[in-house]
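# Structural overview for review
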Amino acid sequence: MGRRGMSHRLRTLLFVPADRPDRIPKAAAAGADGIAVDLEDAVAVSRKDEARAGLAPALAALPAGGPVVAVRVNAVDTGLAEADVAALEPVLARVDLVVVPMCSGPSAVRAVAALLDRAEARAGLEPGRTGLLPLVETAAGVAEARAIAAADPRVRTLTFGPADLSNELGVTPTADGDELFVARSTVVLGAAAAGRVGPIDGPYLDLDDAEGLARSAARARRLGFAGKQVIHPRQIPVVAAAFAPTEEQLRWARRVDEAFREAEAAGVSSLRLDDGTFIDYPIAHRARALLAQGSDPPRRTPPA
């Protein structure tokens with residue numbers, strides 16, 4: 001994926017702990033658009049070295065053409081990120097994205113970008129091929145969302161972390177998300193202002209509440225998120241459905257697209273459908289975006 005990393009949306013990003021290499025191929029086969037192998041919160045400090053040692057063989061063994069592969073490294077200020085990126089170097093060609101946690105400003109993004117510059121050079125890879133997903137999960141990070149998204153060309157989009165932010169704010173995350181509405185909207189606006197695609201929402205942590213998960217995902221989509229993190233394979237179909245356009249939306253989009261193409265061919269850039277719907281370029285672009293979302297998400301194409 002690399003430079004192609006976020007040319008398409010990641011509706012579902014499944015997290016899997018790096019110290020359980022046996023789970024990595026299972027996660028890759030679970031049907032998510034992407035997997036995020038986690039060296040950070042999912043791995044105890046005492047197991048970081050063990051997780052790094054098992055990560056390269058596990059990634060190397062993944063079949064070609066599978067989901068997008070991301071790795072979440074440790075936060076820059078822990079002093080562990082450099083060793084994390086170094087452990088990826090032998091299989092960096094198999095890594096599409098690096099998730100940078102606890103981004104409270106652009107400096108964390110630039111620090112990991114610099115580590116990747118060196119790792120790619122040593123691995124003989126195209127400079128800049130490995131994308132970055134900054135994880136915004138602090139109040140300071142939300143306030144700096146646009147600057148974080150614009151911090152480096154490697155940034156594909158932002159991803160949101162509700163757990164740490166909720167703890168910082170002293171609020172309890174809910175399915176409807178009213179308590180983090182402003183934060184989520186700020187992250188969406190920051191990504192858009194920096195010219196990035198729609199960001200990825202954080203996970204819904206109650207595995208036994210499918211209805212709450214569906215509400216949470218639908219709310220995120222309405223706010224402008226393009227996908228959502230998932231923490232178990234059974235969450236994948238619920239989230240994928242929430243971020244996929246409905247048949248009714250696709251019928252509307254096809255009708256708008258067909259009518260606007262005919263109008264454009266006749267030299268007209270605005271028109272009304274027989275039901276009174278007004279169409280101009282922004283509406284036509286929205287329809288075409290829905291049609292693009294309705295196609296099957298592409299699987300990763302390995303570099304030649």
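Right above here is the structure, for reference.
Everything in this summary refers to the structure shown in the same document.

What counts as what
Residues numbered from 1 in each chain as written. Predicted model: local features only at pLDDT ≥ 70, side-chain atom pairs only at ≥ 80, totals over all residues. Heavy atoms only, no water. Buried < 20%, exposed > 50% of the residue type's maximum accessible area, 1.4 Å probe, protein only. Helix = DSSP H or I, 4+ residues; strand = E, 2+ residues; numbered from the N terminus. Arc of directions from axis to C-beta. Contact = heavy atoms within 4.5 Å. Salt bridge = Lys/Arg side-chain N within 4 Å of Asp/Glu carboxyl O. Core = buried A, V, L, I, M, F, W, Y, C linked by side-chain atoms within 4.5 Å.

We now examine helix 3 (residues 81-88). Listed as buried for helix 3 are Ala81, Asp84, Val85, Ala87 and Leu88. Taken around the axis of helix 3, the buried residues stretch over an arc of 155°, which confines them to a single face. In this fold, the buried residues of helix 3 make contact with helix 2 (48-60), strand 3 (68-72), strand 4 (97-100) and helix 4 (106-123).

It is worth spelling out the pattern of salt bridges at this point. Counted by the stated rule, this structure contains 19 salt bridges. Of the charged contacts in the structure, one is a salt bridge between arginine 52 and aspartate 49, with a shortest N-O distance of 2.7 Å. Of this pair, arginine 52 and aspartate 49 both sit in helix 2, 3 residues apart, which is roughly one turn of the helix. Judged by its relative accessible area of 10%, arginine 52 falls in the buried class. Two residues, arginine 215 and aspartate 176, come together in a salt bridge whose shortest N-O distance is 3.0 Å. Taken together, the residues arginine 215 in helix 9 (residues 210-223) and aspartate 176 in the loop between helix 7 (162-169) and helix 8 (181-193) connect sequence positions 39 residues apart. The class of arginine 215 is partly exposed, set by a relative accessible area of 32%. Where salt bridges share partners, they join Asp257, Arg261, Glu264 and Arg288 into one cluster.

Nonpolar side chains in soluble globular proteins generally cluster together in the buried interior. Counting residues in hydrophobic clusters, the biggest one holds 65 residues, and the most contacted among them are Ile24, Val37, Leu59 and Leu132. In terms of residues, this core owes the most to one element, helix 4, which gives 7 residues. Once residues lying within four places of it in the same chain are set aside, the contact partners of isoleucine 24 are Val16, Ile35, Val37, Leu55, Ala58, Leu59 and Leu62.

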